[in-house]
Every structure is written in structure tokens, then in C-alpha cells.
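Tertiary structure, described
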Amino acid sequence: MAERKPQWPEVGDLVIATIETVTDYGAYAKLDEYDKRGLLHVSEISSSWIRNIRDFVREGQKVTLKVLRVDHEKGHIDLSLRRVTKRERIEKVMSWKKERKADTLLRGVAEKLGMTSEEVYQKAGTIIEQKYDLYEGFEKAAVEGPEALIDIGVPEDIAKAFSEVAQERIHVKLVKVRGVLEIRVVKPNGVRVIKEAFHKAKTEKIKDAKLTFYVIAAPKYSLEVQAENYKRAEDVMQKTADNIVNYIVKAGGQGSFRREK
């Protein structure tokens, strides 16, 4: 959203731009994230010798550029293509796409609530961006539900709308890890103790992860964890397994856990 951006980029910023005009001395580019136009001088297009500028840039092309100079009084912005590394270009394009998608999702929330996008951003977006970027906030809401945003201060009605829109429009790819619990409680109340151990594990509030238990064949049970990355999934799985085994042992039973490869 335009209101979240400053009017001018700063020196050193990476910007997404559209080439508008190509000349013998360079190209003029429209900065997509700002209502500004800048000059990409021929000397800043490539480190190699240039015979034809259009071999490197052409009208209508989207490019990632680095801001070299900004003259507020004259309204001039000097840009560079050759000083942008491949990694910088990839990261900037990914960030820009996420920003655009976040704006689209924000409009969806506004429509659902009967508010303007600006109102939603002021009441929720500013809070989310104190902890995450806006798109990451939508991802959290898609995986963890409205609680992920309510916990950081977003009003409940807006958090619920964020979660609904996110779950409708974002497909968060989760990684999956599995392990096997082998537990026994040779006592009259053994079955109840085992059920309690699993129930306690499932009802414990775990953010950004999903737990699933399957009966393989008593006394073996499968523990499956889904999360955004393997480190988080492994941490949740190990902690959950430890809690279950400890609960069983304290109740006079036996338990062990092994990670499936």
C-alpha cells in the first residue's frame, strides 16, 4: 500500500522498476514502489562493453535496480543495474511479490469487515509489522489461526478476518516429520493413563505446528508433526515425545521414542 512507503527511496535501496524509455545514453525507469522516475545511465547497465543497450534492457522490462543518488530538489534519481548481485535481485523480487500479495490480502480483509484497507492497516497492520512483515503475519494466521495475531495485540474481530482470508488464499507448505512412541502401563488404569498422556499433549498450546497421533499396534504409536521448517518440527516432536514418555513413567509405566528416518 502506498501509504506505508516513504515518498522517496534512499541511497543504497533496491527497487523494482519498469523500463519506460531507452536512449543512447541509458534508460529511464519508473519505480514501481514509488511515484517516481529515475535514470539508469549506460555506464551503470553492465560491467561489460555495451554495443546495443537493448541487448541489456528494453521498454516494458521489469528490473531490480540499486539507488545511487537522490536529489530531492531537482527530482532526480540515479540508478544502477550492474551493482545489483544475483542474490540481491532474487531476494528483492521475492520481497516485492510478498508485499503485493499482502496488499491484496489486506483488501480482502477490508471487504470482509466493511472497512477501508487504510483502516485495517492502521488497526492491525501496524501492530503486525512490529513483530513480522505483513505477509508473514498472514502466513502465521493461516497456520496458527487468529490466536497468532490476537496474542500480539490485534483486535479479535480483525484477527479472525485475517485468519479466514489467509486460510482461503494462502497455501503454506509445511514439512512433516514422524517418530514412534512405544509406551506401556501394566496397571488396571493403564489405558486411561495412556489416553490422558496423548490428550494432554494434543491440548497443549503449540504455536506454528500441527500434531497427529496414530495407533500402529499397541504398544506402538506414531507421532507426526507438521511445521514451517524442519528445525521447528523436530523441536516440537522431541518435546512432545519427552512429555508423553515422562507422563507415562511418572504414572508407573515405561516409555521410549525413536525418530523415523
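Look a little higher up for the structure.
Please read these numbers as outputs of a predicted model, since none were measured by experiment.

1. Looking at the overall build of the protein
Along its length, the protein carries 7 helices and 9 strands. Against the 2.2 N^0.38 benchmark of 18 Å for 261 residues, the protein shows a C-alpha radius of gyration of 26 Å, more extended than a compact globule. Looking at the protein residue by residue over its 261 residues, the buried ones come to 42%. For the protein, long-range pairs separated by at least 24 residues make up 63% of all intrachain contacts whose partners lie at least 6 apart in sequence. With an accessible surface of roughly 15,300 Å², the protein has 47% of that area assigned to carbon and sulfur atoms. Between the averaged position of the 49 positive side-chain charges in the protein and that of its 42 negative side-chain charges there is a distance of 7 Å.

2. Some thoughts on helix H5 (residues 156-169)
Along its 14 residues, H5 runs 20 Å from first to last C-alpha, staying within 8% of the 20 Å computed at 1.5 Å per residue. Within H5 the residues assigned to the buried category are Ile-158, Ala-159, Ala-161, Phe-162, Ser-163, Val-165 and Ala-166.

3. Some remarks on the packing of helix H6 (residues 190-203) against helix H7 (residues 230-250)
Two elements in contact, H6 and H7, have axes separated by 9 Å at closest approach and are oriented at 150 degrees. As summarised for this structure, H6 and H7 are arranged roughly antiparallel, according to the angle between their axes. Of the two possible hands of crossing, H6 and H7 adopt the one that is right-handed. Contact residues: H6 offers Val-193, Ile-194, Glu-196, Ala-197, Phe-198, Lys-200 and Ala-201, while H7 offers Thr-240, Ile-244, Tyr-247 and Ile-248. A class-by-class count of the residues in the contact of H6 with H7 yields 8 nonpolar, 1 polar and 2 charged.

What counts as what
- Residues numbered from 1 in each chain as written.
- Predicted model: local features only at pLDDT ≥ 70, side-chain atom pairs only at ≥ 80, totals over all residues.
- Heavy atoms only, no water.
- Helix = DSSP H or I, 4+ residues; strand = E, 2+ residues; numbered from the N terminus.
- Rg over C-alpha atoms; globule rule 2.2 N^0.38 Å.
- Buried < 20%, exposed > 50% of the residue type's maximum accessible area, 1.4 Å probe, protein only.
- Contact = heavy atoms within 4.5 Å.
- Areas by Shrake-Rupley, 256 points an atom, 1.4 Å probe, with all protein chains shown as cover.
- Lys, Arg positive; Asp, Glu negative; His and termini not counted.
- Charge placed at Lys NZ, Arg CZ, Asp CG, Glu CD.
- Expected span 1.5 Å × (residues − 1).
- Axes fitted to C-alpha atoms, helices over the stretch in contact; angles between N-to-C directions.
- Parallel < 35°, antiparallel > 145°, perpendicular 65-115°, else oblique.
- Left-handed = near helix turned anticlockwise from the far one by under 90°.
- Nonpolar A, V, L, I, M, F, W, Y, C, P; charged D, E, K, R; others polar.

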